[in-house]
Amino acid sequence: MSDEHTDRAHEDTRLGRLQRALLAWYDLQGRDLPWREPPEDGSGQTADARSRPGARCRPWAVLVSELMLQQTQAARVAARFPEFLGRFPDPATMAAAPVSAVIDAWQGLGYNRRAVNLHRAAQEMVWRHGGHLPRELDELEALPGVGPYTARAVAAFAYGQLRAPVDTNVARVMARAVAGAGLGRAEAQRVADGLVPVDRPADWSHALMDLGARYCTARRPVCGSCPVATQCAWRAAGWPDPDPARASSVRAGPQDAFAGSDRYCRGRIVDALRRAPLDASEVAATAGLEDAPERLERIVVGLVRDGLAVRDEHGGLCLPGRGG
DNA sequence: AACTCGGGGGA
DNA sequence: TCCCCAGAGTT
């Protein structure tokens with residue numbers, strides 16, 4: 001690992017106090033989320049990740065949850081995750097299933113390409129990695145749908161490596177509480193790398209995310225009751241404008257009107273395909289694009305290219321792997 | 001660097 | 001309405 005970590009003591013520094021305060025808060029108030037459960041240890045006891053310092057989460061469960069969590073709020077994922085994991089309990093089960101089954105189970109989560117990516121990742125795990133997730137960062141990033149964030153999340157949460165997954169929450173906390181200044185993407189990563197405590201890397205990143213979700217929120221941070229308020233650089237400076245988090249880089253791109261958009265039409269079509277194949281005329285009606293054949297064609301081509309649909313010789317559509 | 005990709009929740 | 005959400009892949 002080339003990343004700089006903090007074995008060097010932050011003992012009596014502001015950041016050292018911030019670390020201890022945040023972890024202490026996390027131990028008592030951290031979110032209890034289903035994918036944080038460690039593997040069964042055979043003792044038959046219900047596991048509490050935070051009660052066992054060495055405990056790690058199941059790698060497959062971590063990967064599934066992280067794919068689901070990409071641009072999707074944790075609460076919504078938490079509602080779907082247990083059932084989904086029950087249906088695909090390991091990579092081999094998913095790899096053996098048709099991708100249509102995974103797209104089906106993805107219903108309501110959005111960004112359906114993630115379901116295709118997850119299925120392909122499961123296949124690669126079976127074909128190239130003995131049915132397991134790889135441990136190296138570059139091997140993880142080579143999996144479809146796994147980028148810099150997700151690779152580090154798996155490394156930290158599943159394998160206990162000293163990695164810093166920088167999501168939108170962590171980026172915000174780094175900019176506000178740690179730096180008190182806007183950070184570019186690479187800069188935020190470097191700052192986060194330097195803060196990972198060697199004894200609790202997974203808990204630390206979970207704690208940062210929980211802080212970002214509960215107190216250090218994007219819109220209106222709740223500084224009054226924040227557990228690290230007294231160590232926060234932005235607060236110490238008197239909350240100067242602009243908000244450092246807004247100058248940070250992990251923000252999403254420009255948002256477009258949703259109703260009637262390409263994304264909306266794609267969603268309508270895929271959702272219909274989950275129920276049954278469509279013939280050509282039904283496709284147009286489903287998308288509400290009877291009067292826009294060129295646009296419909298472009299959208300359908302996109303769905304096929306993304307592995308979310310296959311087209312027959314008459315222009316009908318069905319989910320890949322599901323005969324029409 | 002800028003776009004695209006779903007859908008829901010909250011203010 | 002507008003903004004945001006445990007991002008990644010493509011152009």
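It should be emphasised that the depicted structure is a prediction, and the values quoted were computed from it without experimental measurement. (Residues numbered from 1 in each chain as written. Chains lettered and ligands numbered in written order. Predicted model: local features only at pLDDT ≥ 70, side-chain atom pairs only at ≥ 80, totals over all residues. Heavy atoms only, no water.)

Once that is clear, we can look at the protein's contact with DNA strand C. The immediate surroundings of DNA strand C are formed by 26 residues, with R31, L69, G145, D167 and R172 found nearest. Near the protein, meaning within 4 Å, the atoms of DNA strand C are sugar or phosphate in a fraction of 68%, with bases accounting for the rest. One of the backbone nitrogen or oxygen atoms of T168 is found 3.2 Å away from a phosphate oxygen of DNA strand C. Elements with a contribution of two residues or more to the surface near DNA strand C: α2 (59–69), α8 (148–157) and α9 (168–179). Tallied by class, the residues present in the surface near DNA strand C amount to eleven nonpolar, nine polar and six charged. (Near = heavy atom within 4 Å. Polar contact = N/O pair within 3.5 Å; in protein donor to acceptor, adjacent residues only side chain to side chain. Helix = DSSP H or I, 4+ residues; strand = E, 2+ residues; numbered from the N terminus. Nonpolar A, V, L, I, M, F, W, Y, C, P; charged D, E, K, R; others polar.)

Moving on, we get to the UniProt feature "domain: HhH-GPD" (unreviewed entry) in chain A. In the numbering used here, UniProt assigns the "domain: HhH-GPD" (unreviewed entry) feature to residues 68–214. A distance of 20 Å separates the end C-alpha atoms of residues 68–214, which is 65% helix and 0% strand. (UniProt positions renumbered as here; feature names shortened; annotations may be inferred.)

In the neighbourhood of DNA strand B, 15 residues make up the surrounding shell, with Q71, T72, Y111, R263 and R266 lying closest. Sugar plus phosphate, as a fraction of atoms of DNA strand B within 4 Å of the protein: 53%. Within the backbone of L109, an N or O atom sits 3.2 Å from a base nitrogen of DNA strand B. In this structure, a sugar or linking oxygen belonging to DNA strand B sits 3.0 Å away from a side-chain N or O atom of R113. Considering each element in turn, the surface near DNA strand B owes the most residues, four residues, to helix α13 (residues 262–275). Across the surface near DNA strand B, the residue classes break down as three nonpolar, six polar and six charged.

Residues D241 and P242 are joined by a peptide bond in cis, for which omega reads -5°. Summarising the element assignment, P242 is placed in the loop between α12 (233–236) and α13. The phi dihedral of Q71 is positive, around 60°, even though this residue is not glycine. Position of Q71 among the secondary structure elements: in the loop between α2 and α3 (74–87). One non-glycine residue, Y111, adopts positive backbone phi at about 45°. Note that Y111 resides in the loop between α5 (99–105) and α6 (113–128).

Attention now moves to the packing of α13 against helix α14 (residues 280–287). Two elements in contact, α13 and α14, have axes whose closest approach is 8 Å; the angle formed by their N-to-C orientations is 130°. Taken together, α13 and α14 sit at an angle that is classed as oblique. With respect to the hand of their crossing, α13 and α14 are arranged in right-handed fashion. In contact with C265, R268, I269 and A272 of α13, α14 contributes V283, T286 and A287. Residues that form the contact of α13 with α14 fall into these classes: five nonpolar, one polar and one charged. (Axes fitted to C-alpha atoms, helices over the stretch in contact; angles between N-to-C directions. Parallel < 35°, antiparallel > 145°, perpendicular 65-115°, else oblique. Left-handed = near helix turned anticlockwise from the far one by under 90°. Contact = heavy atoms within 4.5 Å.)

Here we take up the packing of aromatic side chains. Under the counting rule described, the total for this entry stands at four aromatic pairs. Between the aromatic rings of W35 and F81, the centroid separation amounts to 5.6 Å while the plane-to-plane angle is 80°, which identifies the pairing as edge-to-face. Remark: F81 occurs in helix α3 and W35 occurs in the loop between α1 (14–29) and α2; sequence separation between them is 46 residues. You'll find W35 and F81 in the same group, each marked buried. Seen from the ring of Y215, R214 lies directly overhead, with NZ or CZ sitting 4.6 Å from the centre. (Phe/Tyr/Trp six-rings, centres within 6.5 Å; stacked < 30°, edge-to-face > 60°. Buried < 20%, exposed > 50% of the residue type's maximum accessible area, 1.4 Å probe, protein only. Lys NZ or Arg CZ within 6 Å of the ring centre and 35° of its normal.)

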